[in-house]
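Residue-level listing of the chains:
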Amino acid sequence: NTKKHTDAVAVVTGGARGVGFGCAMALAAKSFNLTLVDILEEEANEAAGKLRTIGVQAELFIADVSDFKKSSRSFGEYVTALRNVDCVSGVFPID
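Residues numbered from 1 in each chain as written. Predicted model: local features only at pLDDT ≥ 70, side-chain atom pairs only at ≥ 80, totals over all residues. Heavy atoms only, no water.

**Student:** It is not clear to me how the pairing of strand β1 (residues 9–13) should be interpreted in this structure. Could you clarify?
**Tutor:** Each regular strand shows side chains that alternate between the opposite faces of the sheet. For β1, the tally of buried residues reaches five of five residues, placing the bulk of the element in the interior. Neither face of β1 is left uncovered, since the one carrying V9, V11 and T13 and the one carrying A10 and V12 both have all their residues buried. Strand direction decides the pairing type here: β1 and strand β2 (residues 33–38), joined by five bridges, are parallel. Among the inter-strand pairings, V11 is bridged to a residue of β2, identified as T35. As a crossover connection, the stretch from β1 through helix α1 (residues 18–29) into β2 is right-handed. (Buried < 20%, exposed > 50% of the residue type's maximum accessible area, 1.4 Å probe, protein only. Helix = DSSP H or I, 4+ residues; strand = E, 2+ residues; numbered from the N terminus. Pairing = 2+ DSSP bridges. Right-handed = clockwise from strand over helix to strand, strands pointing away.)

What follows is the structure, given as structure tokens:
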């Protein structure tokens, strides 16, 4: 599929590294603008920088989404503020 999503927004949890970053790169290749959600702030900043070098917008939301009670309200408010989330990729470890 060669369709480009130049005005689309994707939210990727666990996007700082590993499988989550791989998902972010795949979405960036389709021209999605990205919001990386991760608990690892330094790694998330590095990942966002790499994504920006290939020409997509990359924002950060630092949160531990595996702790539903702590993160659900603030994350929900953040996603609502984005207004047009077109894709969500959830990648995080389960203990």
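Back to the text.
**Student:** Sorry if this is basic, but what is going on with the confidence of the model for the chain here?
**Tutor:** When pLDDT drops low, the exact placement of atoms in the prediction is not to be read closely. Scored by pLDDT, the chain has a mean of 81; 73% of the residues are at 70 or more. No element of the chain has a lower mean pLDDT than strand β4 (residues 85–90), which averages 67, and none a higher one than helix α2 (residues 41–53), which averages 96. (pLDDT = per-residue confidence, 0-100.)

**Student:** Please explain the environment of V56 as it appears in this structure.
**Tutor:** On the secondary structure map, V56 appears in the loop between α2 and β3 (58–62). Classification of V56 by relative accessible area gives buried; the value is 8%. For the pair V56 and N33, spaced 23 residues apart in sequence, the C-alpha to C-alpha distance is 5.4 Å. Beyond its immediate sequence surroundings of up to four residues, V56 is in contact with A28, S31, F32, N33, L34 and L51. (Contact = heavy atoms within 4.5 Å.)

**Student:** Quick question: what am I supposed to make of the pairing of β2 here?
**Tutor:** Burial analysis of β2 places six of its six residues in the buried class, which makes it a mostly covered element. Residues N33, T35 and V37 point to one face of β2 and L34, L36 and D38 to the other, with burial holding for every one of them.

**Student:** Explanation requested: the nonpolar core in the structure shown.
**Tutor:** The nonpolar side chains of a soluble globular protein tend to be buried with one another. In terms of nonpolar packing, the biggest core is built from 15 residues, with V12, A24, L27, F32, L34, L36 and L51 touching the most fellow members. Listing elements by their share of this core, those giving two or more residues are β1, α1, β2 and α2. When residues of this core are assigned to their parent elements, the largest contribution, four residues, is made by α1. With near-sequence residues (within four places) excluded, L51 lies in contact with F21, A24, M25, A28, L34, L36, V56 and A58. The next biggest cluster of nonpolar side chains, apart from the first, holds five residues, and it includes V11, V37, F61 and V65. (Core = buried A, V, L, I, M, F, W, Y, C linked by side-chain atoms within 4.5 Å.)

**Student:** Would you take a moment to explain α2 for this structure?
**Tutor:** Helical geometry note: an α-helix holds 3.6 residues per turn, so side chains three or four residues apart project in the same direction. With 13 residues, α2 should reach 18 Å at 1.5 Å per residue; the first-to-last C-alpha distance of 19 Å fits that figure. Among the residues making up α2, those that are buried are A44, A47, A48 and L51. For α2, the angular spread of the buried residues around the axis is 100°, confining them to a single face. With respect to the buried face of α2, the exposed residues turned more than 90 degrees away are E42 and T53. Those residues of α2 that are buried are in contact with α1, β2 and β3. (Expected span 1.5 Å × (residues − 1). Arc of directions from axis to C-beta.)

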